[in-house]
Amino acid sequence: MKRGRLVWIALAVAGLSAWAASFSFGADDRSAVDQGIAEIEKDAHQKELCADPIAKAKAAEERAKRMRAAGDEKHAKLADGLALEWTRVAQELVRADALETRAHDARALATDAGARVERERATLEQQLAENGRLQAELAKLESKDGGK
Amino acid sequence: MKRLALFALVMACSGARPQLPLLADVERARAATAQEGELAPQALAEADAERGRARSIYEAGDDISASLHAERAIAAYQYTRMVARSARATADAAKADAELAQKTDELRALEAARKTAERDGDELAKRLLIAREMKSPAASGPADAQREAARLRASRALAMQARLLCGAAKLVSSTAAGLDAAMQSLDALDKKLEGSPKTAPIDEAARARTTCLSILTTARRANAASSSADVLLSELSAASLSPTRDERGIVVTMRDVFRGNAIDAPAQPRLEALGRVASAHGDLPIQVVVHDAIAASTSDERAKAVAAALVKGGAKADKIATVMAGTRAPVVDPNDARNRQRNARVEIVFVTP
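Residues numbered from 1 in each chain as written. Chains lettered and ligands numbered in written order. Predicted model: local features only at pLDDT ≥ 70, side-chain atom pairs only at ≥ 80, totals over all residues.

Right, let's talk about the overall build of chain A for a bit. Of the regular secondary structure elements, chain A holds four helices and zero strands. Along chain A, helices (α) and strands (β) appear in the sequence α-α-α-α when read from the amino end. (Helix = DSSP H or I, 4+ residues; strand = E, 2+ residues; numbered from the N terminus.)

Take a look at the structure:
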């Protein structure tokens, strides 16, 4: 009798653990989605930039809620995964935008440096030409006939 | 939901199992992302795996799960495109950074070459000036007494300028070619000028000046050392010492320096401050020139007092030379009693090597 009760308790604990494990996986996904969206929406520019993927992530979250409410945990988890995927898209979009801005700035600096190089080269060539003119005049003056 | 309903209706009517519309969307997303695979291979592989799951689950008959996987595959393809954008931007930034570094190096090299060319140009211009002066026109003819007196004053000024230029040349290089001969000629010229000659040796004085300028220029060319003159000029300007440039180098002019033959108390800290600046530019020798408003003692006691104050500030004693110019190089007419006090001054010249 005692042994039978222990088996039932063990089975109940195992079942509860499995249910809790499946539930906590979904909870992590949802938490990552909420945190990710909140982080992006802190910044007005990012919020505007990521409006489309964030809207899709929120819609997927809503679907997951409805499915969960209807007791369809299997599909709710898939919808959670979809929400997470759109959140990842938004996060990567923010990263790409920042990197593109940085690349644009670096390109502008390089272009500006290129222009300065060309200006400096022109100034140098002008100075070298002037030196050549001075040198020729000096040679003429220093020649035996004194440039006459 | 509408699409799913339509899909169910079509399926019911036809009796066949049609393609899930979302799977067609997945294929379009895959086609649009194909090129990005090179930049984001891992993300593309994950998206392809999701696409595979959508297809196989659909084949197994679970349309709702297949739709969710298909949507996830579409999102994963978009994620792939974002990763590719990031990778492309990172590569672009790295390329621009490398180009900037290369252009910066190029710019530095060009700036250095331009500075050298400008120095060469300055030197050529000076040599040209000397060459032109050497070819000065025929000797000055006789003139009336008043004009002759003016010529005598000009001769004295030119002779003094020559002495200062030769003095600067000596500071640059004590073995400068032609320096000794030029100094001997100058001594002879000074003797002639002291005797108040009937005819002013204006041409001789002009030649002496040109010769000394030529010696200084040649000494500089031989020396060929880079100096910190430009930095010094900025520092002196920043210290409100109103520096100027002349053929010798950078000149700071000070007035009201002496009380008798000693340094006046208010001038002492100014001179010591100048000595501190000089200590930071040890490559530049210093010429101290004392000018008077009216004829005064020719003893170099005052010039030595100035040198001592500079040394107290940190200047090197062996880099300082003193000259007593007296009244021979005025800046205003010495006969103008109201303004001639301006002629009393001390020039501290940082000779450009």
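All names here are of chain B. Mean pLDDT for chain B: 87, with 92% of residues reaching 70 or above. Between the elements of chain B, mean pLDDT differs from a low of 53, seen in helix 1 (residues 2–14), to a high of 95, seen in helix 3 (residues 41–59). In the model output, the complex is listed with pTM 0.56 alongside ipTM 0.75. (pLDDT = per-residue confidence, 0-100.)

Take the pairing of strand 5 (residues 286–291) of chain B next. Residue and element names in this part refer to chain B. Counting buried positions over the six residues of strand 5 gives six, a clear majority of the element. Covered by surrounding structure in strand 5 are Ile286, Val288 and Val290 together with Gln287, Val289 and His291, the residues of both alternating faces. Of the strand pairs in this sheet, strand 5 and strand 6 (residues 320–326) are connected by six bridges, and their pairing is parallel. Bridge pairing links Ile286 to Ile320 in strand 6. (Buried ≥ 20, exposed ≤ 12 C-beta atoms within 10 Å, placed from the backbone. Pairing = 2+ DSSP bridges.)

A few words on the pairing of strand 2 (residues 249–254) of chain B. Residue and element names in this part refer to chain B. The pairing of strand 1 (residues 244–245) with strand 2 spans two bridges and is antiparallel. Counterpart to Arg245 in the pairing with strand 2 is Ile250. Bridging between strand 2 and strand 7 (residues 345–351) involves six bridges; their strand directions are antiparallel. Paired with Met254 across the two strands is Val346, which belongs to strand 7.

Each partner contributes to the interface: chain B provides 41 residues, whereas chain A provides 40 residues. Split by residue class, the side of chain B that touches chain A holds 19 nonpolar, seven polar and 15 charged. (Contact = placed C-beta atoms within 7 Å. Nonpolar A, V, L, I, M, F, W, Y, C, P; charged D, E, K, R; others polar.)

Right, let's get into the packing of helix 2 (residues 21–33) of chain B against helix 4 (residues 63–134) of chain B. All names here are of chain B. The interhelical angle for the contact between helix 2 and helix 4, taken along N-to-C directions, is 15°, at an axis separation of 9 Å. Here helix 4 runs roughly parallel to helix 2, going by the angle between their axes. Seen from above, helix 2 lies across helix 4 with left-handed handedness. For the pair formed by helix 2 and helix 4, the contact residues are Leu22, Leu23, Asp25, Val26, Ala29, Arg30 and Thr33 on the first element and Ser67, Ala70, Glu71, Ala73, Ile74, Tyr77, Thr80 and Arg81 on the second. (Axes fitted to C-alpha atoms, helices over the stretch in contact; angles between N-to-C directions. Parallel < 35°, antiparallel > 145°, perpendicular 65-115°, else oblique. Left-handed = near helix turned anticlockwise from the far one by under 90°.)

Residues and elements named next belong to chain B. Among the nonpolar cores identified, the biggest contains 60 residues, and Ala169, Cys212, Val288, Val306 and Leu310 are the most heavily contacted of them. At eleven residues, helix 5 (residues 145–172) tops the list of elements feeding residues into this core. Two domains each donate at least three residues to this core, and these are domain 2 (125–131 + 145–224) and domain 3 (226–353). The contact partners of Val288, leaving out residues within four places of it in the chain, are Ala303, Val306, Ala307, Ile320, Thr322, Val346 and Ile348. (Core = buried A, V, L, I, M, F, W, Y, C linked by C-beta atoms within 7 Å. Domains from an automatic or database assignment.)

Residue and element names in this part refer to chain A. Relative to the 27 Å expected for 19 residues at 1.5 Å per residue, helix 3 (residues 51–69) spans 27 Å between its end C-alpha atoms, a close match to the ideal helical length. For helix 3, the complete set of buried residues consists of Pro53, Ile54, Lys56, Ala57, Ala60, Glu61, Arg63, Ala64 and Met67. Following helix 3 by one or two positions, Gly71 has its phi on the positive side, about 85°. (Expected span 1.5 Å × (residues − 1).)

Bringing unusual backbone geometry into the picture now. All names here are of chain B. Within the chain, Ser240 stands out as a residue other than glycine whose phi angle is a positive 55°. Considering the arrangement of structural elements, one finds Ser240 in the loop between helix 8 (229–238) and strand 1. With a phi angle near 45°, Ser242 is a residue other than glycine that sits in the positive phi range. Within the fold, Ser242 resides in the loop between helix 8 and strand 1.

Residue and element names in this part refer to chain B. Strand order in the open sheet made by the five strands is 1-2-7-5-6, with mixed pairing throughout. A single partner strand is all that each edge strand has here, and the edge strands are strand 1 and strand 6. Lying over the sheet, helix 5 contacts strand 5, strand 6 and strand 7, oriented at roughly 175° with respect to strand 6. The strands touched by helix 8 are strand 2 and strand 7; relative to strand 2, the strand with the most contacts, the crossing angle is about 25°.

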